[in-house]
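An overview of the molecular structure
Here is how the chains run, residue by residue.
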Amino acid sequence: GEELVKDYLTSLPGGFWIQFVVVMAVIFFLGFFLDFIEIAVVVVPIVAPILLADPGANITAVWLGVMIGLNIQTSFLTPPFGFSLFYLRGVAPPSVKTLQIYKGAAAFIALQLFGLTIAGAFPSLVNYLPNKIHLTSETAPPPSNPKLQECLETLVFADYDVNKENILQGIERIKTANIAYLPDAYQSALNESYVNAGKSFALIEQVRQTSKRFDEYAPDYRPLHIQVRTIQKQIKRIKKEVDGLDQERERIESDQVGSKSVIEPVLAQIKSLELASTELEKQIPQNWLEARKNFETLASNEMKSRQKYRRNADESYESVQSVLKMIGEHEAFKALQHKLPPMQDIIKSELPKNAMEALKALEAEFGQLTNAHPVRSKLSKARRALRGNNPDPEKAIGQLMIAIERLDVEIDWRSRAASELKPELDTYDLAVSKTIGMRLQERLTLEQAENIASCLSVHKDISLHF
């Protein structure tokens, strides 16, 4: 049954919307005779996957579910088995005839169908609230979620335009901050991040240009795409039918009971279908391959420009975020400073196994801090020096002393940066966190969630990519 329904719906001309109208009409008709539970349990599991699998659908499952739900709701009012009609019949006086109840329900059925039409014409009425609840909940996806990117970039690019001067001033100001006392790797990372941040505006312009070229090409390409994909769908259906006939031919031949008169009609039908397929292929316009290649090139260029912008934005903000986090943990480093010197006595006096456990525990504490590798790696080497049948306490102590020196260095530059560099980085972060650094924030603000929910609630046409 499922295969028959699928074959029927997919064979209808007109694509998704014709299929959708047919399904909705069938559900409405079934509402005259079946309870909503039967329709939901029997019909919906068959038709919903078929409709959602259509590349030309460009809809959300939430919208489809609401549309079917609104349609099924009319089954309470449609005669002869509408529940609401029976409820009213049970409480109405004898002077009210059943036919009058049926006639009175017609206006409310029309109102529900009108509501169904409104929800179909304006999908954002259905999609907005679920999207907003999702994006503002505790389990909301982070701004880096792939599904949010285009809507997020529409919002963020507008912020770039409004706050361009503030962003550029923030970049120029942070470049003048003294970072000479930071480790070389962090100096290099920060300087590179400032340069990358300055490239953001040029990359945004590139995204806009590639997007504009794609949008200008798509309307002229669309009729050709629909024409060719329709022909190819027919060819595919014919090929499927030919494959079935081939299987039948092989079965007849293997049974060794099929006479020439039995197999010839099958072969004739195969030949007829193959000729029909060839004729359909001739109907494909000669400029199709070139047009499709141009479309794919433009789509690829747009995606590449967006990915380039995203990668640049993440790289330019990630270093700043990392340094700010390290500076914020300078007190945590100080709190661990007194734990290293006693390890020397433990290595000397305790069994290697016990000393290794103590070093491992200390290693784990440093592992919870950001970029504590300079200290943690030496503690790890000290622990490995005590491993095996020939532990080397002197080597372990030597590595421990290096770890103590490294810790002192880490505390010195982090403490100085906390008083000198952190205010500058905080000011810079305030200028760029909602634009350049938006993707790396933990969650969207309420205003951003509302804007993105509104953007996502409008169905986006992706059919040309299939």
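Everything here concerns the structure above.
These remarks concern the structure in this document.

Cut-offs and rules
- Residues numbered from 1 in each chain as written.
- Predicted model: local features only at pLDDT ≥ 70, side-chain atom pairs only at ≥ 80, totals over all residues.
- Heavy atoms only, no water.
- Helix = DSSP H or I, 4+ residues; strand = E, 2+ residues; numbered from the N terminus.
- Rg over C-alpha atoms; globule rule 2.2 N^0.38 Å.
- Buried < 20%, exposed > 50% of the residue type's maximum accessible area, 1.4 Å probe, protein only.
- Contact = heavy atoms within 4.5 Å.
- Lys, Arg positive; Asp, Glu negative; His and termini not counted.
- Charge placed at Lys NZ, Arg CZ, Asp CG, Glu CD.
- Core = buried A, V, L, I, M, F, W, Y, C linked by side-chain atoms within 4.5 Å.
- Arc of directions from axis to C-beta.
- Patch = residues over 30% accessible without salt bridge, like charges linked within 9 Å, V, L, I, M, F, W, Y side chains within 5 Å.
- Areas by Shrake-Rupley, 256 points an atom, 1.4 Å probe, with all protein chains shown as cover.
- Salt bridge = Lys/Arg side-chain N within 4 Å of Asp/Glu carboxyl O.
- Polar contact = N/O pair within 3.5 Å; in protein donor to acceptor, adjacent residues only side chain to side chain.
- Expected span 1.5 Å × (residues − 1).

1. A look at the overall build of the protein chain
Across its full length, the protein chain carries 20 helices and zero strands. Since a compact globule built from 466 residues should have a radius of gyration of about 23 Å, the 34 Å found for the protein chain marks it as more spread out than a globular shape. Along the first, second and third principal axes, the C-alpha set of the protein chain runs to 95 × 75 × 55 Å. Here the protein chain holds 466 residues, and the buried ones make up 38% of them. The long-range share in the protein chain, meaning contacts at least 24 apart out of those at least 6 apart in sequence, stands at 78%. On the protein chain, the mean spot of the 53 positive side-chain charges and the mean spot of the 57 negative ones are 1 Å from each other.

2. Section: the nonpolar core
Taken as a class, soluble globular proteins show a tendency for nonpolar side chains to be buried jointly. Residues Tyr160, Tyr309, Leu421, Leu425 and Ile436 are the most contacted members of the largest nonpolar core, which totals 42 residues. Secondary structure elements with two or more residues in this core: α8 (149-162), α9 (164-175), α10 (184-198), α11 (200-255), α13 (288-328), α18 (393-420), α19 (422-432) and α20 (446-456). For Ile436, the contacting residues outside a window of four places in its chain are Tyr160, Ile167, Ile171, Ala197, Ser200, Ala313, Ser316 and Tyr317. In this structure, Leu9, Phe16, Ala48 and Ile72 belong to the second largest nonpolar core, which totals 24 residues.

3. Quick word on helix α14 (residues 330-337)
Along an α-helix, residues three or four positions apart point the same way, because every turn accommodates 3.6 residues. Within α14, burial applies to His330, Phe333 and Leu336. Buried residues of α14, viewed axially, fall in a sector of 120 degrees; they line one side. The secondary structure elements touched by the buried residues of α14 are α13, α16 (352-367) and α18.

4. Topic: a nonpolar patch on the surface
Residues Phe29, Phe33, Leu34, Phe36, Ile37, Val41, Val42, Phe81, Phe83, Phe86 and Tyr87 make up a contiguous nonpolar surface patch of roughly 1,100 Å² in combined accessible area. Among the structural elements, Val41 can be located in helix α3 (residues 36-52).

5. Regarding the environment of Glu318
Of note, Glu318 is situated in helix α13. For Glu318, a relative accessible area of 48% corresponds to the partly exposed category. Spatially, the C-alpha atom of Glu318 lies 50 Å from that of Leu9, the residues being 309 residues apart in sequence.

6. What about a positive patch on the surface?
Taken together, the side chains of Lys381, Arg384, Arg387, Lys395 and Arg406 make up a positively charged region of the molecular surface. Along the chain, the position of Arg384 falls in helix α17 (residues 373-385).

7. Notes on the side chain of Arg383
When you line up the elements, Arg383 lands in helix α17. We classify Arg383 as buried; its relative accessible area is 16%. Of note is the side chain of Arg383, whose polar atom sits 2.8 Å from the side chain of Glu363. Ignoring sequence-local partners within four residues, the contact set of Arg383 consists of Met356, Leu359, Lys360 and Glu363.

8. Focus: helix α2 (residues 16-30)
Its 15 residues give α2 an end-to-end C-alpha distance of 21 Å, which sits within 8% of 21 Å, the value for a rise of 1.5 Å per residue. Every buried residue belonging to α2 is among Phe16, Gln19, Phe20, Val23, Met24 and Ile27, and all of these are buried. Along α2, the residues classed as buried sweep out an arc of 130 degrees about the axis, all on the same side. In this structure, the buried side of α2 is in contact with α1 (2-11), α3, α4 (61-73) and α6 (98-121).

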